[in-house]
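Structural characterization, general
Chain by chain, the residues:
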Amino acid sequence: MLTSLLLLKPDEEDYWNSSKFKAFTFDDEDDEFSRLKESKQAVNSIRRLVEEDDDEDDVEKVSWSGEPVGSISWSVRETAASNQRTDREPAFPKINADTPTVSRSHSGYSLSSLFKGETGDQFSDSLSDSSVRLYAPELRKPKSEYKDYVSDWSPEETVHRMQQGKAVSLEKFRSLQDKLLLLDFSISAHDGNVITAVTLFTITFTVLFRELESRQTALRHFIHYLTETRDQRLLLELLRALGRTEDIALLQYKEHLSIADENKRRDFLKSCLSLPFSPEDSAHVQDHYTLLERQIIIEATDRQAERGGKVEIFQKFPRRASILNMPLITTLYYCCFYHYTESEGTYSSPLNVRQTFRISEKQFFVTALAARAKLKAWVDVDALFTSRNWLGFTRKKSPLGFHRVVDILQKNSAPTQVLQEYVGLVDDAELRISLAQKHKCHDIIINTYRDLKDRQQLLGYRGKVERGSVEERKINELLDNPQIRWKN
Amino acid sequence: MAAHLSYGRVNLNILREAARKELREFLDKCSGSKAIVWDEYLTGPFGLIAQYSLLKEHEVEKMFTLKSGRLPSADVKNIIFFVRPRLELMDIIAENVFSEDKLHSSREFHILFVPRRSMLCEQRLKEQGVLGSFINIDEYILDLIPYDGDLLSMEYESAFRECYLENDQTSLYHTAKGLMTLQALYGTIPQIYGKGECARHVANMMLRMKREFAGSQNQILPVFDTLLLLDRNVDLLTPLATQLTYEGLIDEIYGINNGYVKLPPEKFAQKKQGEASKDLPTEPKKLQLNSAEELYAEIRDKNFNAVGAALSKKAKIISAAFEERHNAKTVGEIKQFVSQLPHMQAARSSLANHTSIAELIKDITSTNLYLSLVSASEAFFDNLTVEQEFMTGVDTDKVNTYIEDCIAQKDPLIKILRLVCMQSVCNNGLKQKVFDYYKREILQTYGYEHILTLNNLEKGGLLKPQTSSRNNYPTIRKTLKLWMEDANEQNPNDISYVYSGYAPLSIRLTQVLARPGWRSIEEVLKMLPGPHFEERQQLPAGLHKKRQQGENRTTLVFFLGGVTYAEIAALRFLSQMEDSGMEYIIATTKLINGTTWIKSLMDRPECQTP
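Thresholds applied
- Residues numbered from 1 in each chain as written.
- Chains lettered and ligands numbered in written order.
- Predicted model: local features only at pLDDT ≥ 70, side-chain atom pairs only at ≥ 80, totals over all residues.
- Heavy atoms only, no water.
- UniProt positions renumbered as here; feature names shortened; annotations may be inferred.
- Helix = DSSP H or I, 4+ residues; strand = E, 2+ residues; numbered from the N terminus.
- Rg over C-alpha atoms; globule rule 2.2 N^0.38 Å.
- Buried < 20%, exposed > 50% of the residue type's maximum accessible area, 1.4 Å probe, protein only.
- Contact = heavy atoms within 4.5 Å.
- Areas by Shrake-Rupley, 256 points an atom, 1.4 Å probe, with all protein chains shown as cover.
- Lys, Arg positive; Asp, Glu negative; His and termini not counted.
- Charge placed at Lys NZ, Arg CZ, Asp CG, Glu CD.
- Pairing = 2+ DSSP bridges.
- Axes fitted to C-alpha atoms, helices over the stretch in contact; angles between N-to-C directions.
- Domains from an automatic or database assignment.
- Salt bridge = Lys/Arg side-chain N within 4 Å of Asp/Glu carboxyl O.
- Polar contact = N/O pair within 3.5 Å; in protein donor to acceptor, adjacent residues only side chain to side chain.
- Patch = residues over 30% accessible without salt bridge, like charges linked within 9 Å, V, L, I, M, F, W, Y side chains within 5 Å.
- Parallel < 35°, antiparallel > 145°, perpendicular 65-115°, else oblique.
- Left-handed = near helix turned anticlockwise from the far one by under 90°.
- Nonpolar A, V, L, I, M, F, W, Y, C, P; charged D, E, K, R; others polar.

In the nomenclature of an unreviewed UniProt entry, chain B is known as Vacuolar protein sorting-associated protein 33A of Lates calcarifer. For the record of chain B, the UniProt heading Sequence similarities (unreviewed entry) holds the text "Belongs to the STXBP/unc-18/SEC1 family."

As recorded in an unreviewed UniProt entry, chain A goes by the name Spermatogenesis-defective protein 39 homolog, listed as coming from Lates calcarifer.

Each helix and strand in chain B was counted, giving 23 helices and 15 strands. The C-alpha radius of gyration computed for chain B amounts to 26 Å, which stays within 12% of the reference 25 Å derived for 610 residues, consistent with globular compactness. In terms of its C-alpha atoms, chain B occupies a principal-axis envelope of roughly 75 × 70 × 65 Å. Across the 610 residues that make up chain B, the buried fraction comes to 59%. Residue pairs in contact within chain B that sit at least 24 positions apart in sequence constitute 78% of those at least 6 positions apart. Of the accessible surface of chain B, which amounts to about 24700 Å², a share of 50% is contributed by carbon and sulfur atoms. Taken as two groups, the 72 positive and 77 negative side-chain charges of chain B have centres that lie 2 Å from each other.

Assigned secondary structure in chain A consists of 27 helices and two strands. Scored against the burial criterion, the 488 residues of chain A give a buried share of 51%. The contacts of chain A with a sequence gap of at least 6 include a subset with a gap of at least 24, amounting to 57%. Per element, the accessible surface of chain A, about 23500 Å² overall, is 50% carbon and sulfur.

Residues and elements named next belong to chain B. Across the sheet, seven strands lie side by side as 6-7-15-14-9-8-13; this open sheet has mixed pairing. On the outer flanks of this sheet lie strand 6 (145-148) and strand 13 (532-536), each paired with one strand and no other. Sheet twist, expressed as the mean angle between neighbouring strand axes with direction ignored, is 20 degrees. Inspection of the sheet shows strand 6 paired to strand 7 (residues 151-153) by three bridges, in the antiparallel sense. When the sheet's bridge partners are listed, D148 is paired in strand 7 with L151. Contacts from helix 8 (residues 197-212) reach strand 8 (191-195), strand 9 (226-231), strand 13 and strand 14 (553-560) within the one sheet, and its direction differs from that of strand 9 by about 140 degrees.

With that settled, consider the sheet that holds strand 2 (residues 60-65) of chain B. Residues and elements named next belong to chain B. In spatial order, the strands read 2-1-3-4-5; together these five strands make up an open sheet with parallel pairing. Two strands close off the open sheet at either side, each with one partner strand: strand 2 and strand 5 (134-139). Averaged over all pairs of adjacent strands, the angle between strand axes in this sheet comes to 20 degrees, irrespective of strand direction. In the sheet, strand 3 (residues 78-83) pairs with strand 4 (residues 108-113) via six bridges, with the strands oriented parallel. Of the residues in strand 4, the one forming a bridge with I80 is H110. Against the sheet, helix 2 (residues 40-47) touches strand 1 (34-38), strand 2 and strand 3, its axis set at about 110 degrees to strand 1.

The next thing to look at is the environment of R348 of chain B. All names here are of chain B. You can see R348 is positioned in helix 13 (residues 331-365). Each C-alpha atom of the pair R348 and L249 lies 23 Å from the other, and the pair is 99 residues apart in sequence. What R348 contacts, discounting residues up to four positions off in sequence, is I318 and F322.

What follows concerns the domain arrangement of chain B. Accessible area lost upon the coming together of the parts serves often as the stated size of an interface. All names here are of chain B. We note that the domain assignment places domain 1 (3-142), domain 2 (143-212 + 224-234 + 486-541 + 561-591), domain 3 (246-267 + 290-365) and domain 4 (375-470) within chain B. Opposite the 12 residues of domain 2 that make contact, domain 3 presents 15 residues. Summed over the shared surface of domain 2 and domain 3, the result is three salt bridges. For E247, the salt bridge goes to R572, with nearest N and O atoms at 3.9 Å. For the interface between domain 2 and domain 3, the tally reads 11 residue pairs in polar contact (both at pLDDT 80 or more).

Moving on to a negative patch on the surface. Residues and elements named next belong to chain B. On the surface, a cluster of negative charge is contributed by D28, E59, E61 and D75. Residue placement: E61 occurs in strand 2. On the basis of relative accessibility, which here comes to 45%, the residue E61 falls in the partly exposed class.

All right, on to the packing of helix 15 (residues 262-272) of chain A against helix 16 (residues 279-308) of chain A then. All names here are of chain A. Where helix 15 meets helix 16, the axes come as close as 9 Å, and the angle between the chain directions of the two elements is 155 degrees. Relative to helix 16, helix 15 is oriented roughly antiparallel. Between helix 15 and helix 16 lies a crossing whose hand is left-handed. The segment helix 15 lies against helix 16, with E262, N263, R265, R266, L269, K270 and C272 engaging V285, H288, Y289, L292, E293 and I296. Within the contact of helix 15 with helix 16, the residues separate by chemical class into six nonpolar, two polar and five charged.

All names here are of chain B. Counting through the fold element by element, S575 comes out in helix 22 (residues 565-576). At 2.9 Å, the side chain of S575 forms a polar contact with the backbone nitrogen of Y584. Apart from residues lying up to four places away in sequence, S575 is in contact with S580, M582, E583 and Y584.

Structure representation (C-alpha cells):
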C-alpha cells in the first residue's frame, strides 16, 4: 500500500488524466528494474515522467536545522537511504525541465519521504486496478473512486484512498492544521494501517508528542508500531514524555525475557528496580531480582558439590536441570529436596527462602511435604504435622485438608502404611471411606463403618475382602459383637 | 464439497464461491508453474475456502511452510508467499529471497497479503532490500469465512487483544468491510442494533461506507432483517465458564481449530478380531466437524448429558437399517438395499467416531465424585462447582480454597487465570486484599514474569481490583435471569442448558432484543460497558419485504472479539424454538473458549508452565 503513495504534481495531472496509462511508479534500482521484464515495456513511455516525479532530491535540499529531529531513529535510516540514492547515477536520463519546485514546508522534516519512490505493484495496480479487491462482482464501486486520478483530494478522500491502497499525495498537507485534520480523519476511519502511516508521514517528531496526546488512538497505534519495530529507545522516550510511567516500567522489564545469560539478566533486573512500577509490582520485581541472584549462588555451589562427588544427596539424586530462572516455589522445592536441614543462615535454607519471600504457610507446607515425600523421608513428613500442645502430647495438624495430603503422598508413591495414617485423619466420613477404598486401607473402612454403626455397609464390604483374611475375621468379630447398636 | 453451507436459512455458499473466484484470479495472474510458501497460520482458514485440488488446477505444484533460511528447491516459475502482514514474517521472506537469488535468477516472486496489504510490511521489505524482487504484491481479502451453514468467522485471533489491550481498531475496520461485502451479496440490512464501544465504531463505519456508495442503490432483496453487533467486553463472563454442550466440550478439552479437532488415537483403533493390537496408532486422529455430518449436526448443540441417549437412539436406527437386509428378498429389494449401503456405512462410521469421542469426554467429565475416582473427573467436577458458585454469587469476595489448592498443586496457569478472572467478573472486581493475594501466589508459583500477563488481564477488564464498593453483578444476574435453577439438560426449554444452569449474558441480550425489546432492560444495559444504539438503513422502494404469515425474521448476530460454541448452540436453540419467530445467523472475529481467549491475552504464553 505504501507503494501507492505516488506523488503527483499539478502539471502532470493532465497527463495522468488523459493517458490510457494510469498511475505508475517503478523502482529505480537497476536489478529490480530489470526484473520487471516485458510487462513493463507497455509503460516505458512514461518513465521519464516518473523519474521527475521522484523528488527525492528535494529531500536532500531541505534544511532541517530548524527543528531538532535527532532522536528519531527513522530519520537516521532515512538519511542514509537518500544519500545512497543521490550518489548513484540515475538509471535514465533525467529531464529537469519544468519540474516545479515543490516548496517544502520548513516547519519540520516530514517522515513521508521515507516511503517514496519505491516499486511494488503500482504497476499491476494500474493495469488491472486490482488494488480494489472485492469479493463479488456485484459490488459497485463507491462514487469517490471515479475521482481516482484527480489529485486534489480532501483529507477524507485521501484517507479513503489509502484504505484502498491507492495513490495519494500527502505532500499537499503542509500546514500543521491540515496535517492534523488528515490525522483526525484517519483516526475516525479506524484502520490502523492508515493511522500509523499518516502519523509517520505527516507529523514531525517534535509536534508528535504534543499533538498525539490529545489523539489517543493515533498515539496507541504509534506506540504499537514502535513496539513492533522494536524501537525501544524512541518508545520509552515517547512514553516518558506522556507520563505513562507504569507502561514504561513494564515495557522495560519485559526486555529481561530476551536476555539469556543469567548474570546479565540479573544485572538487568537490578536496573529495573528503580523503574516507576506500581507499589505492588515494584515489590514483585524486587523479589524477582532477589530470587535470580540467589539462584545463581545456589547453582554455582551445588554444581560444584555435585561434581566433587562428596555430597551424598547429589550422588543419589543427580540434579536433572539447573535451578536458574525457575519460579520461586520450584526453587523452594529444590531447597527442601537438597538443602532441607540447613540452618536458617544460608541462602539455600528452605526456612530462609520462606522468610525472605514471605511464602504463605500453606504453600510452604505443600512444597516441603512434596519434596520430602519424593525422597521417601517419612520421618520428615511426619514431623511436618507434629505440633505439641502444652501437655506435651503430640497431635497431627495440617494447614491443608488431609485428603489433599493423601493425594500428595500418593502421587509420590507412599506405601500403604504411611497413607493409612493420613487417610484416617480425613474429617469427612464419606470422603474418608472413598479415599480408603481407593488406597485399600481396609482397617479404616471397617472402623468407619463401625463408628457409623452401619451394619449393611459392613456386610457388603465383607464380600469385597479376601476370604480368610485378617480383614474378614475382623468384620466377623464386629458383626458378632453384641455391644454395638447397629443403626440398620 | 461445501453443500452444508447452502442448507441454512441463508445460502453462505455464495460467499465461499466469491472467495474461491478471487483466489483463482490471483493464481492465474502469476502465469506458469508455481510453489506457495505458506504462513502456517493461514493454512487453516484457507482450508475452509479451498482444497489443494483447486490450487493444483491452477498450476500450484509445491507447497512449503514459511521458514527462515533457504527455500526448498522446486522446479517452478513462480514462488508465491501467502502471508499475514506481520513484520517478523517479512524478515523471513527477505532471508528466503536473498538465499534464493543466487541459485535461480529466473524465478519470479509474489506476495499475497491476507487479509490486507500493509505499508509497514512493504517498508520493511524495502529496508531489507528485497521489495523490488516481487512482481506482484497483492492482497486477498478474507474477511468473513463461511464456517458452517449459519456461521461466519473472520478467524482473526488477536481481535480482542488488539481492540481492548492495544486499542488497535484495525479488526473493526475489517469487520465493517466484511459486513459491506455481505450486504453486497445478501442485500442491505435495514436495522442495526449494537452494544459496546466497538459495536458503535463498526456501525459508524458501515454507515459511512454506505454513504460513499450513495447513488448506486443495492437492488438485492434483503435476506437479513436485523444486524446485532455485540462487544465481547459487554459479556466477559461467558467465555470463562466451561462449555457443557457436546461441541463446546470437544473444544474445551481438545481444541477445535479451523473446523478440525485432533483426538488421542487409542479409542479409534480398528481392532480386528483375533489380532493383538500391538501397533496402536500414535498419530492423533484428525476429524472435521461441521453440519455436513448428519449425526454431528444433530448432537453437537446438546448438553453433554443428553448425548449418550441420542447416540444410542441413533445406534438402534442404524442397526435396524442394516437388519433390513434379511427382509430383502427380491432382486429389486436387494438392489435398493445395496444402493443405500454407502449412506449407511457412512452413518455407521460417524456413529463410531462420536461414540469414541463421547467416551473420551465422559472419562474426563464423569461427575459422580464418589463412584468414579478418576482424578481428572474429580478435577472437572470441582472446577465446575466453583464456577457455578461464582456465577450464582457465592463467596466471590473471599479467597477461594479450591483456587488456592490448584495453585499449590501447580495446575496449568490458564486454568487458574480462568477461575480468578471469573471470580473478579462476578464480583465486579476483587477486593484489594484478595486481588493481591492471588497475584502473589500466582507469581511465586508460575514465575514473576507473569506480572506482564496479569497486567494485560487488568487492562482487558478481566481481572481487576474493586474500585467501587457496589457490585452490580447480582442485579444483572437477576434481571437477565442468568442463573436458572432447574435447567433441563435433556429436553431444554431455555438457553441456560448450554452451561447447565447459566444462561449466557450475550445471548440473553439477543433474546430480549427480539422480544420484548431492549427498552425493558435499560437499567442493566447502562451497567454494562459501552453505548447501546439502534440505526436504520434506508431501503430503496420495492425492496421492502412482504412477509408471509408466520414467516421468521432473520438476525445476524456479530460477536466482536469472539464467540464460544456454547453461545452458538444457545442461538441455534432460539432459532429452533417454535414461537421465537426469529432465525439467527452468527458471525464473529474468532471462535474462542476460555483457554484460547486467555492465551491470546498472555505475554509469551509458550512459557506458561514451569
